[in-house]
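# Breakdown of the fold
Each chain is listed here by its residues.
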Amino acid sequence: MSDEKIIVQVDPDLEELIPGFLENRKLDIEKLRSALNEKDFVNLGSIGHSIKGVGGGYGFDLMSEFGANIEIAAKENNADVIQENIDRLYHYLKCVEVEYT
Amino acid sequence: MITNKSELMIKVLIVDDDDDVLNLLETWLTKEKYDVKRASSGLEALNLVGIYAPDLVITDLYMEGMDGMALLTELHNDNPLLPVIMLSGQAQIPDAIKAMHLGTSAFLTKPINQNEFLETVSKVSPNLSDKSSFNEFAKSIVFESKAMSDIVEMASLVADNDVSVFITGSTGSGKEVIAKSIHAASSRRDRRFIAINCGAIPEQLLESELFGHEKGAFTGANVRHEGLFQAANGGTIFLDEVGDMPLALQVKLLRVLQDFEVRPVGSTKTYPIDVRLISATHKNLEEAVEKGEFREDLYYRLKVIPLDIPNLAERQEDIPVLAEHFLSDFSKKHHQTKKKFSPDAMRYLVSMPWPGNVRQLINVIDLCATLAKNKNIPFSLVKNAVHDDPVQLQTLKEAKHEFERGYLLSVLRITHGHVANAAKMAGRNRTEFYKLLNQYGIEPAKFRDKNIIEKEVN
């Protein structure tokens, strides 16, 4: 995965909320990794569900996609797909840059 | 009485266990000028509903503890008309169908699209004109409680329809205040509001009072008398204590309500009437119907929209705002600086059982405001005032006095202030009758002016 910036355009009304929102997603990564270590697929599904629900609303559509993938994979107990999507989410959060337009 | 800025805004309660979702929805809604409160669980939402009285609830479906479906059911148990929008991360058709069956107004899937969300909110929100009619209505009634808010909401919704409203509640609970507010909020507001206490007037007089009589209809009926139904034409008539109306008159009232016309006593002619009827009673009319004391057909004709006013003790949160209101009234009326209750005096007021309801509260407040030596009304004064207040039962002398005065007013109204005729109807000679009038400070001349009817009856 390249380290190129990922530009996301976000509504300026949400500017104050975005730092906290992104910080919470980083915490989600930690929770996801810990749940995956414990093979806690119920918790994984729940975190994925919540990421899917909230990402797109803030303008981070890809985030919702990763969340949805994790939720589906958790139902199938598919640790590999979950790991892949945690990595993609981690990389996304590292590279994302917000433009308020 | 609702006093915050949200009076003119739609109030939305958002419920989700994810703070990021709450933050997002709150930002979108606030920008669109909605007044927003948030809850992190179904239980917190239920607790908030009583205090905040939202116009709309938006809830997540999947939450720890009480989920969105359970919350929807609880909300609608209390207020079936409250719009609820359900949000779900899953676009599962069975959930959506179940939610719709339970009465949800809309079902949206996450991630939420801002435009779709705001359009849905706008569509299911009550319109501001309904809300502003509620607020206009609420201005004339002082309350803070959910129970009174529900009554005011219902009353404001029906004010402009001509349906019969039936108000129940204990003596002194404010039935006439609600009736007057309904009249004031209706399109009949520029016409007359006439109130009559059916329990305070003897049967023969009550018939004449309500429906009128022709000259010579009975002894002492020397002039034609227009009844209150005709006097209220175009306006509203409020029949207080309708449960005390004798059975024979109930039949006549029923006929009036069915035919929209009255036939005065001793007349062969009927007169069309266009009157909105509001009635009230402190009695259990269902029981009276069962015992055969009240006509079932009339009961259902009156009780199209029932409003049950709770006792003051059941809505303690109204007591501080009512006390404040009556203290203001007292200071204006007596041109005095407004007094206030000390905190322990107010706590005592709030904790009292108030068997005489709002009327007793007014008596106590007036007494306290009169006797307080300085601006602060102390606990000791309130305690004495409450215990000295004989509101629970009138003395025989007071009851006789009240009845006699009501009787004299009625005969004078019927005879249009003609003392000789009134004395004849009352079975007294003129000198005795004049003595009685003097005793009660009643001036017969005032009854020669037709417009006095409303003032005196009210």
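Residues numbered from 1 in each chain as written. Chains lettered and ligands numbered in written order. Predicted model: local features only at pLDDT ≥ 70, side-chain atom pairs only at ≥ 80, totals over all residues.

Let us now look at the overall build of chain B. Within chain B one finds 21 helices and 16 strands. Taking all 458 residues of chain B together, 36% fall into the buried category. Counted over contacts in chain B with a minimum sequence separation of 6, partners at least 24 positions apart contribute 70%. (Helix = DSSP H or I, 4+ residues; strand = E, 2+ residues; numbered from the N terminus. Buried ≥ 20, exposed ≤ 12 C-beta atoms within 10 Å, placed from the backbone. Contact = placed C-beta atoms within 7 Å.)

Three or four residues apart is the spacing at which side chains of an α-helix point the same way, because the helix has 3.6 residues per turn. All names here are of chain B. Residues of helix α3 (residues 68–78) that are buried include every one of G68, L71, L72 and L75, and no others. Viewed end-on, α3 has its buried residues packed into an arc of 100°, placing them on one side of the element. Turned more than 90 degrees off the buried face of α3, the exposed positions are T73 and N77. (Arc of directions from axis to C-beta.)

It is worth spelling out the interface of chain B and chain A at this point. Contacts between the two partners involve 11 residues from chain B and, on the opposite side, 15 residues from chain A. Split into classes, the residues belonging to the side of chain B that touches chain A amount to 4 nonpolar, 3 polar and 4 charged. (Nonpolar A, V, L, I, M, F, W, Y, C, P; charged D, E, K, R; others polar.)

Once that is clear, we can look at the pairing of strand β2 (residues 35–39) of chain B. All names here are of chain B. With 5 bridges joining them, strand β1 (residues 11–15) and β2 adopt parallel strand pairing. Each residue of the ladder has a partner; that of L13, found in β2, is K37. Assessed by its sense of winding, the connection that carries the chain from β1 through helix α1 (residues 19–31) to β2 is right-handed. (Pairing = 2+ DSSP bridges. Right-handed = clockwise from strand over helix to strand, strands pointing away.)

Further remarks concern the nonpolar core. Residues and elements named next belong to chain B. By size, the foremost hydrophobic cluster in this structure holds 50 residues, and its most contacted members are V12, L13, V15, V57, I58 and M86. Other than its neighbours up to four places away in sequence, L13 contacts K37, A39, A45, L48, V49, Y52, P54 and V57. F137, M148, I196 and I237 belong to the second largest nonpolar core, which has 46 residues in total. (Core = buried A, V, L, I, M, F, W, Y, C linked by C-beta atoms within 7 Å.)

What follows deals with the sheet that holds β1 of chain B. Residue and element names in this part refer to chain B. With parallel pairing, 5 strands are arranged side by side in an open sheet as β2-β1-β3-β4-β5. Looking along the sheet, the strands with just one partner apiece sit at the ends: β2 and β5 (106–109). Pairs of neighbouring strands in the sheet enclose a mean axial angle of 20°, with direction left out of account. Pairing analysis gives 4 bridges linking β1 to strand β3 (residues 56–60), with the strands arranged parallel. Within β3, the position partnered with V12 by the bridge is L56. Seen against the sheet, α1 touches β1, β2 and β3 and runs at an angle of roughly 170° to β2. (Axes fitted to C-alpha atoms, helices over the stretch in contact; angles between N-to-C directions.)

This paragraph deals with the confidence of the model for chain B. All names here are of chain B. Across chain B, the average pLDDT comes to 85, with 90% of residues at 70 or higher. In this model residues 1–6 is a low-confidence stretch, pLDDT under 50, and it forms 9 contacts with partners more than four residues away in sequence or in other chains. Contacts for the low-pLDDT stretch residues 451–458, under 50 throughout, to residues beyond four places or in other chains number 13 contacts. Two numbers describe this predicted complex: its pTM, 0.53, and its ipTM, 0.92. (pLDDT = per-residue confidence, 0-100.)

Turning our attention to the environment of L82 of chain B. All names here are of chain B. Position of L82 among the secondary structure elements: in the loop between α3 and β4 (84–88). Each C-alpha atom, one on L82 and one on A53, is 9.7 Å from the other, the two residues being 29 residues apart in sequence. In contact with L82, other than residues within four places in its own chain, are V57, L75 and H76.

Residue and element names in this part refer to chain B. Going from K110 to P111, the amide bond is cis rather than trans, its omega being -5°. Examined against the element boundaries, P111 turns out to sit in the loop between β5 and α5 (114–124). Its identity as a non-glycine residue notwithstanding, K33 has a phi of 70°, on the positive side. Tracing the sequence through the fold places K33 in the loop between α1 and β2. Classification of K33 by C-beta neighbours within 10 Å gives exposed; the count is 9. A positive phi angle, near 50°, is found at E241, a position not held by glycine. Turning to its location among the elements, E241 is positioned in the loop between β10 (236–240) and α11 (247–259).

Attention now moves to the packing of helix α2 (residues 41–58) of chain A against α1 of chain B. Two numbers describe how α2 of chain A lies on α1 of chain B: the axes approach to 10 Å, and their chain directions differ by 30°. By the criterion of interaxial angle, the relationship of α2 of chain A to α1 of chain B is roughly parallel. Where α2 of chain A crosses over α1 of chain B, the two elements pack in a sense that is left-handed. Along the contact surface, α2 of chain A presents G53, V54, G57 and Y58 of chain A, while α1 of chain B presents D20, V21 and L24 of chain B. (Parallel < 35°, antiparallel > 145°, perpendicular 65-115°, else oblique. Left-handed = near helix turned anticlockwise from the far one by under 90°.)

With that settled, consider the sheet that holds β10 of chain B. Residue and element names in this part refer to chain B. Read from one edge to the other, the open sheet built from 5 strands follows the order β7-β10-β13-β6-β14, with strand pairing classed as parallel. Each edge of the sheet is formed by a strand with only one pairing partner; in this case those strands are β7 (193–197) and β14 (305–308). Within this sheet the neighbouring strands show an average axis-to-axis angle of 20°, counted without direction. Sheet analysis places strand β6 (residues 165–168) next to strand β13 (residues 276–281), joined by 4 bridges and oriented parallel. What sits directly across from F166, in β13, is S279. Sheet strands touched by helix α8 (residues 175–185): β6, β7, β10, β13 and β14. Its angle to β10, the strand with the most contacts, is close to 170°.

So, about the environment of A185 of chain B. Among the secondary structure elements, A185 of chain B is positioned in helix α8. C-alpha separation for the pair A185 of chain B and V158 of chain B, spaced 27 residues apart in sequence, amounts to 9.4 Å.

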